[in-house]
Amino acid sequence: MSTKSAALRLEGLYKQYGKSAAVQDVSLSIEPGSMVALLGPSGCGKTTCLRMVAGLVEPTAGAIVLDGADITRVPVHKRNVGMLFQNYALFPQLTVAENVAFGLKMRRMAKAEIAKRIAKALQMVQLHSFSDRYPSQLSGGQQQRVALARALVIEPDLLLLDEPLGALDKGLRESMQVELRLLQRKLGITTIMVTHDQDEALTMADQVIVMRDGRIEQGGTPKVIYQKPNSQFVATFLGASNLFHCQMDAAGPNILRSGPFRFTVDGAVPLTANPVICLRPESISIAAASAMNAEGPNRASATIEQVIYRGPVMHYHMKLETGQPLVAYEQVRPLHGSRAIEVGDAVVAHWEPSSNHILPG
Amino acid sequence: MSLNLDRFRQWFLAVFVGGVLIFVMAPLFVTLAMSFSDSYFVAFPPQGLTIRWYQQILTDRYFLSALALSGYLAFGSTICALLIGIPAAMALARGRFPGRTILQGIILSPLIFPELVAGLALMQVLSAAGMVDARLNLLIGYTLVAAPYVVRAVTTSLLLVDANLEDAARTLGANRFVTFWKVTLPQIAPGVAAGAVFAFMISFDNLPMALWLADSRYSPVPLMLMRQLNSVFDPSIPAMSTVIIILALSGALVVERLVGMRRAASLQP
Ligand SMILES: Nc1ncnc2c1ncn2[C@@H]1O[C@H](COP(=O)(O)OP(=O)(O)OP(=O)(O)O)[C@@H](O)[C@H]1O
Ligand SMILES: [Mg+2]
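What counts as what
Residues numbered from 1 in each chain as written. Chains lettered and ligands numbered in written order. Predicted model: local features only at pLDDT ≥ 70, side-chain atom pairs only at ≥ 80, totals over all residues. Heavy atoms only, no water. Helix = DSSP H or I, 4+ residues; strand = E, 2+ residues; numbered from the N terminus. Areas by Shrake-Rupley, 256 points an atom, 1.4 Å probe, with all protein chains shown as cover. Lys, Arg positive; Asp, Glu negative; His and termini not counted. Charge placed at Lys NZ, Arg CZ, Asp CG, Glu CD. Domains from an automatic or database assignment. Contact = heavy atoms within 4.5 Å. Buried area = accessible area lost by both parts, 1.4 Å probe. Salt bridge = Lys/Arg side-chain N within 4 Å of Asp/Glu carboxyl O. Near = heavy atom within 4 Å. Polar contact = N/O pair within 3.5 Å; in protein donor to acceptor, adjacent residues only side chain to side chain. Nonpolar A, V, L, I, M, F, W, Y, C, P; charged D, E, K, R; others polar. UniProt positions renumbered as here; feature names shortened; annotations may be inferred. Core = buried A, V, L, I, M, F, W, Y, C linked by side-chain atoms within 4.5 Å. Buried < 20%, exposed > 50% of the residue type's maximum accessible area, 1.4 Å probe, protein only. Pairing = 2+ DSSP bridges. Axes fitted to C-alpha atoms, helices over the stretch in contact; angles between N-to-C directions. Parallel < 35°, antiparallel > 145°, perpendicular 65-115°, else oblique. Left-handed = near helix turned anticlockwise from the far one by under 90°.

**Some words on the overall build of chain A**
When helices and strands are tallied, chain A shows eight helices and 21 strands. C-alpha extents for chain A along the principal axes are approximately 80 × 50 × 35 Å. Accessible surface computed for chain A: about 16,500 Å², of which carbon and sulfur atoms make up 51%. Measuring between centres, the 36 positive side-chain charges of chain A sit 8 Å from its 32 negative side-chain charges.

Now the structure itself:
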């Protein structure tokens, strides 16, 4: 299946429903062949954005530009987009093969050509032996693969995914994430995916767009979004974060103070009114109180409140002397023996200055 | 203990359903029985056994033409009710306009339709418009009575159809009409069939509209029957009723087949 990679640009998209705005001023540029994830809490306007790109929802204002052509007013059935829905949306009265043929029939393709393409598309999703079944006779994962074949067989300019794996269980979801991403890369099809699962967004996307209340909060590569969030909202939405509200410290331009704790940063602190330090749990190390002095910056003495074994990772929930909670993750390394950190232990949490990420307050 | 309770429940259910069935069906059987009575007046239990009343009515020109008129009106108004009712249901279930939910609520609730009053109003409008063809007027009246049943049945089944199916079809290149024809209609076929059967039955034996809109040349069966009742009350009346019951039932079956309840039901193995 050959697909040409298309560049997509959203320019100041708005969608108004009555008095409330579902999407406000969304501008976005998507490289040909890349995968963008729209990530955000429920009701933040992800689906509305995606449906505007598909042509299923008409924008109140703004433009959608595909390969330089303004398609904002092009009706959905002429846009040549492939779309996946959370509930698969397979036509229940049609067989797997007939479902896949639907878009080709709409394009008035010759019968022989249709048969050839169906076979190829079903081969691609490893369902060639299921062509005569009805959707109700397939598992959820198989149904979504049929939907994927149905969407890709028309060789769309864009692939739009609205929480495509949301209804699958965890293991299957993770393997489908990988499978979907491999296929997307191989075909080089420009893709937008909607999800509220930050792991999924980080796993699959070249670019993650974090949305909040209809607006884009931050966009960037998964690494940037995760390591350099530019707001507390993004920091907390992308997984647990320890946040400290700080003041500048008289001792130096690169030192911040939050109660008894001091944080040093590489270089001078950027001037923000009420800086907040964001500290990812995996960047915190734990030492026994007897083995390390709690004095000094980037250290804090704490008491272990809870230890959670999560397979590859240990989660330590601690309480600082100020009463604040602190969470640390530690890789489990079976070959290194297990550490005897238990509930009630007095410990010292410490971290590198480079882990101190400053957010505006 | 629980077994006993289950037993009791089953027993109770059987008696209850049986009772309801008898209550509903008894008049039909009484009518059937009386139509074979060999007497000059309607009698129950029937006296003797004869089919002469059937011989009489099946050669009765008035009865046969009334029957033909009723059949034509029922089929015609069912088709019109479908043509009006399905788009209306689509608008109610899928459209976005102010007051949609209120309108949906009104139409979906079992509304009281004062047909006698509506018939009078319709007659006045039609005569003011100079429309004098009783057949056409009856068709309009019956369509008016039947359409809400179609709207209700179709709207209810539309609300159960996943709108994403329609969206998926549209992204695959189907315009709105093709989407309706290929995706929506197969999904709502049972609702359409139910609405059509209702519409047919309602039109076939509607009296209130006929009272206002029929004339002496074109009287549908219920009106003709009522006129007959006022003059003679011999077993030809139950005989006619029996013929009507059988025709209405078979008409409903034909409509159901035509609209495809069976097909829809057998789609998924
Ligand atoms: N057809 C509509 N009419 C009115 N309001 C709507 C409509 N569709 C969406 N909205 C509103 O717009 C906002 C954004 O909805 P949207 O479905 O885009 O959110 P979402 O980010 O996809 O959420 P979720 O993760 O729950 O799917 C919500 O507040 C929603 O109530
Ligand atoms: Mg959504």
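**Comments concerning the domain arrangement of chain A**
All names here are of chain A. What the domain assignment lists for chain A is domain 1 (1-80 + 156-239), domain 2 (93-154) and domain 3 (242-359). A C-alpha centroid distance of 25 Å is found between domain 1 and domain 2. Between domain 1 and domain 2, the residue contacts involve 13 residues of the former and 13 residues of the latter. Around 1,200 Å² of area is buried between domain 1 and domain 2 when both sides are counted, 72% of it from carbon and sulfur atoms. The interface formed by domain 1 and domain 2 contains one salt bridge. Taking the shortest distance from any N to any O, the salt bridge between Arg 145 and Glu 179 comes out at 3.8 Å.

**Looking at the site of ligand 1**
Close to ligand 1 lie 13 residues, the nearest being Ser42(A), Gly43(A), Lys46(A), Thr47(A) and Thr48(A). Residues lining ligand 1 come from chains A and B. A distance of 2.7 Å is found between an oxygen atom of ligand 1 and a backbone nitrogen or oxygen belonging to Gly43(A). Within the contact set of ligand 1, an oxygen atom lies 2.6 Å away from a side-chain nitrogen or oxygen of Thr47(A). Relative to its unbound accessible area of 630 Å², ligand 1 is 61% covered by the protein chains. Of the residues forming the shell around ligand 1, the biggest block, three residues, is contributed by helix α1 (residues 46-54) of chain A. In the shell around ligand 1, the residues fall into four nonpolar, six polar and three charged.

**Considering the pattern of salt bridges**
What the rule picks out here adds up to 15 salt bridges over all chains. With its nearest N and O atoms 3.8 Å apart, the salt bridge here joins Asp6(B) to Arg9(B). One end of the pair is Asp6(B) and the other is Arg9(B), both in helix α1 (residues 2-34) and three residues apart, which spans about a single turn. Here Asp38(B) makes a salt bridge to Arg52(B), at a shortest N to O gap of 2.7 Å. You can see Asp38(B) sitting in the loop between α1 and α2 (52-57) and its partner Arg52(B) sitting in helix α2, a full 14 residues away along the chain. Look at the salt bridges and you will find they share partners, linking Glu113(A), Lys116(A), Arg117(A) and Glu155(A) into a network.

**A look at the UniProt feature "domain: ABC transporter" (unreviewed entry) in chain A**
Sequence positions flagged by UniProt for "domain: ABC transporter" (unreviewed entry) are, in local numbering, residues 8-238 of chain A. For residues 8-238 of chain A, helix accounts for 36% and strand for 26%, while the C-alpha atoms at its two ends are 26 Å apart.

**Remarks on the nonpolar core**
The biggest cluster of nonpolar side chains holds 90 residues, and the ones touching the most others in it are Leu8(A), Phe102(A) and Leu160(A). Looking at this core element by element, the count peaks at seven residues for helix α2 (residues 96-106) of chain A. Contact partners of Phe102(A), with chain neighbours within four places excluded, come to Phe91(A), Leu94(A), Ala169(B), Leu172(B), Ala174(B), Lys182(B) and Val183(B). Grouped together as the second largest cluster of nonpolar side chains are 34 residues, Ile188(B), Ala196(B), Phe204(B) and Leu225(B) included.

**Some words on the sheet that holds strand β5 (residues 69-70) of chain A**
Residue and element names in this part refer to chain A. Across the sheet, which stays open at both edges, the four strands sit in the order β2-β1-β4-β5 with antiparallel pairing between neighbours. Looking along the sheet, the strands with just one partner apiece sit at the ends: β2 (20-30) and β5. In terms of strand pairing, strand β1 (residues 8-17) meets β2 through seven bridges, oriented antiparallel. Looking at the pairing, Leu 13 lines up with Val 26 of β2. The strands touched by α1 within the sheet are β1, β2 and β4 (61-66), with β1 carrying the most contacts at an inclination of about 120°.

**Some thoughts on the side chain of Arg51(A)**
Mapped onto the elements of the fold, Arg51(A) is located in helix α1. According to the relative accessible area criterion, Arg51(A) is buried, its value standing at 18%. The residues touching Arg51(A), leaving out its near neighbours within four places in the chain, are Leu56(A), Val57(A), Met83(A), Phe85(A), Asn164(B) and Asp167(B).

**Some details on the side chain of His315(A)**
The topology assignment puts His315(A) in strand β18 (residues 313-320). With residues near it in sequence (within four places) discarded, His315(A) still touches Gln306(A), Val307(A), Ile308(A), Arg310(A), Ala328(A) and Tyr329(A).

**What about the environment of Gly361(A)?**
Residues and elements named next belong to chain A. Structurally, the position occupied by Gly 361 is in the segment after β21 (357-359). For Gly 361, a relative accessible area of 68% gives the class exposed. A C-alpha to C-alpha distance of 56 Å links Gly 361 and Ala 119, two positions 242 residues apart in sequence. Leaving out residues up to four positions away in the same chain, Gly 361 has contacts with Gln 232, Asn 274, Pro 275 and Val 276.

**Thoughts on unusual backbone geometry**
Excluding glycine, most residues fall at negative phi; most peptide bonds, likewise, are trans. All names here are of chain A. A positive phi angle is found at Glu 163, which is not glycine, with a value near 45°. The residue Glu 163 is located in the loop between β7 (158-162) and α5 (170-187) in this model. Phi at Asp 213 takes a positive value of approximately 50°, unusual for a residue other than glycine. For Asp 213, the location among the structural elements is in the loop between β9 (207-212) and β10 (215-220). Relative accessible area serves as the criterion here: at 58%, Asp 213 is assigned to the exposed category.

**As for the packing of helix α3 (residues 61-94) of chain B against helix α6 (residues 134-160) of chain B**
All names here are of chain B. Where α3 contacts α6, the two axes come as close as 5 Å, and the packing angle between them is 40°. The orientation of α3 relative to α6 falls into the category oblique. As for the relative orientation of α3 and α6, their crossing is right-handed in sense. Taken together, the residues that form the contact of α3 with α6 break down as 23 nonpolar, five polar and two charged.

**Focus: the interface of chain B and chain A**
Each side of the interface is counted separately: chain B has 20 residues, and chain A has 22 residues. Interface area for chain B against chain A, summed over the two sides, is near 2,000 Å², with a carbon-plus-sulfur share of 64%. Where chain B touches chain A, the interface holds one salt bridge. Arg51(A) is the salt-bridge partner of Asp167(B), the closest N and O atoms lying 2.8 Å from each other. At the junction of chain B with chain A, the criterion picks out six residue pairs in polar contact (both at pLDDT 80 or more). Among the secondary structure elements, those contributing two or more residues to the side of chain B that touches chain A are α7 (163-171) and α8 (176-204) of chain B. Per-element accounting of the side of chain B that touches chain A gives the leading share, seven residues, to α7(B). For the side of chain B that touches chain A, the per-class residue count stands at ten nonpolar, six polar and four charged.

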